[in-house]
Amino acid sequence: YQHRCFSALSSLNEPTLFPASSSTEDDVLSNSDGVSTSSLRSDVRTMGTLLGDAIALHHGEDILEKVEALRSMAKDSRQQQQAEGRLDPMVQFVEKLSHEELVIVSRAFAHFLGIANAAEAHERCRRLKMALSSEVNDYKPENGGKAPAPIGALHANKRDSTAGVLTNLLYTDDGSTPTKDEIFKSLTSQTVEIVLTAHPTQVNRRTLLEKHSRVQKILNEADEVRSSKGTSYRQQQLNDALRREIASIWQTDEVSRVKPSPQSEAERGTLVIETVLWEVLPNFLRKLDATMKSSLGDDYSLPLTASPFKFASWMGGDRDGNPNVTPNVTREVCLTNRIKAAELLEKDIREIMGSLSGNPPRGMDDTCRFESAAMQRIRDRVGMDSRAPYRSFLHPVAERLANTSAWARAELLKVQKGGVSDEGSLFSTEDIFLDKDELMEDLITVHESLCGTGNTVAADGRLVDVIRKVSAFGLTLV
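Residues numbered from 1 in each chain as written. Predicted model: local features only at pLDDT ≥ 70, side-chain atom pairs only at ≥ 80, totals over all residues. Heavy atoms only, no water.

1. Here's the deal with the environment of Ser 428
Note on placement: Ser 428 falls in the loop between α14 (389–416) and α15 (436–452). Separated by 21 residues in the primary sequence, Ser 428 and Trp 407 place their C-alpha atoms 9.4 Å from one another. (Helix = DSSP H or I, 4+ residues; strand = E, 2+ residues; numbered from the N terminus.)

Shown next, in the form of structure tokens:
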């Protein structure tokens, strides 16, 4: 299907992410801000082409011709000045379609809009990256040269970005400049609570969300290959990967065939934490920390346990008249969140264990050059002869998180069976985490020990991200 029989009708005839040249039409088209839309249009054309290939392969060229004919009519209708009657040709065309054709045509437009949305989301990220790079590479001192040069963590030239706000607060001579201490106190004491909620009809299937996420990753990799003039082999690998995803999207049922329960609605709604926020939040806080130190000074770093963001959810606990949301439903949702939080944290802890395999070296007199109270607490627990004290210290932490997940599953089973299960009694409170402060204490001990033994670089790596996750999400996600 590389040579399409309807190419004269369709503008979607670009089956590669790496076309030889962009169309002259794209060279002159731009958005309201004057920014070229050629990359976005090229991505949409490519994915539309691949979607059309999948439709033609499974349903035939005839139905694809009808999809393209209707799309062409829609484009033409937008050019008409008179609103009255401009949709009549499409109405008459659709009236002639069979029920089976209507289903295919409807799915075609739904999926085309879905992948177009993925391309637009990627385009926003692309422009933000370009703007961030331009800030650093094309920097020109402003505010009398008082403001530090942008470091490229957060957008210093955007007034609604943290870096931009700090610049305006600190280096605007209007007589009301707050002190660095006042700004630091405000940044580290305020908390924004984001409440998650979703109507069942607004929640996409997890499968399609994951596929659209992979599509955006492929588009991102394609940008990197274009900028580095990657090999034709790499280009073909990305083209094939995108074709697989689009073909799989077309063959995936986009509609949930079972009425969602409050429990499943809550699980789908909090999926954004698991798939996006779990890594995005600590990444943002790392950028915020770097921006604070750049703007305010090295003494003004973001405290490890600071929680600028908290998360809550209506789902599974909304008592606005829904008779299906009972106390036991809320218990099930809370226990399910505990299971997921424990699993995510256990995975992170075991990752840290893999990286912290070292042991502070001893000198000729069998003593450590660096001594710290935190390191002594670790050795008191794991023994003086441990060759990997951090790994030995964190192993029971990971096991305790695994027990927490198993305990929550047993409690969930008990609730689902009306309280007849006694599996939850297999775990004592010493075997599981019920309070995030217990987990935080162990993580802070490791961090202090690393810093106290000359391993600050290791301490400020993945461990800091996990500490901030615990501060924001706790043991319950929301």
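2. Observations regarding unusual backbone geometry
Phi angles above zero are rare outside glycine, and Lys 229 is one such case at about 55°. The residue Lys 229 is located in the loop between α8 (206–228) and α9 (232–250) in this model. Unlike most non-glycine residues, Leu 477 shows phi in positive territory, near 70°. Inspection of the secondary structure puts Leu 477 in the segment after α17 (462–473).

3. Brief notes about the packing of helix α13 (residues 373–382) against α14
Packed helices, taken two at a time, are described by their axes: the angle between them and the distance between them. Close contact between α13 and α14 brings their axes to 9 Å; oriented N to C, the two are set at 70°. When the interaxial angle is binned, α13 and α14 end up roughly perpendicular. Once α13 is placed against α14, the crossing between them reads as left-handed. Of α14, the residues touching α13 (which contributes Met 375, Ile 378, Arg 379, Arg 381 and Val 382) are Pro 389, Tyr 390, Ser 392 and Phe 393. Counted by class, the contact of α13 with α14 contains 6 nonpolar, 1 polar and 2 charged residues. (Axes fitted to C-alpha atoms, helices over the stretch in contact; angles between N-to-C directions. Parallel < 35°, antiparallel > 145°, perpendicular 65-115°, else oblique. Left-handed = near helix turned anticlockwise from the far one by under 90°. Contact = heavy atoms within 4.5 Å. Nonpolar A, V, L, I, M, F, W, Y, C, P; charged D, E, K, R; others polar.)

4. Quick word on the side chain of Glu 123
Of note, Glu 123 is situated in helix α5 (residues 99–137). With relative accessibility at 4%, the residue Glu 123 sits in the buried group. Side chain to side chain, Glu 123 and Arg 126 meet in a polar contact 2.2 Å long. With sequence-adjacent residues up to four places away left out, Glu 123 is seen in contact with Ser 36, Ser 39 and Leu 40. (Buried < 20%, exposed > 50% of the residue type's maximum accessible area, 1.4 Å probe, protein only. Polar contact = N/O pair within 3.5 Å; in protein donor to acceptor, adjacent residues only side chain to side chain.)

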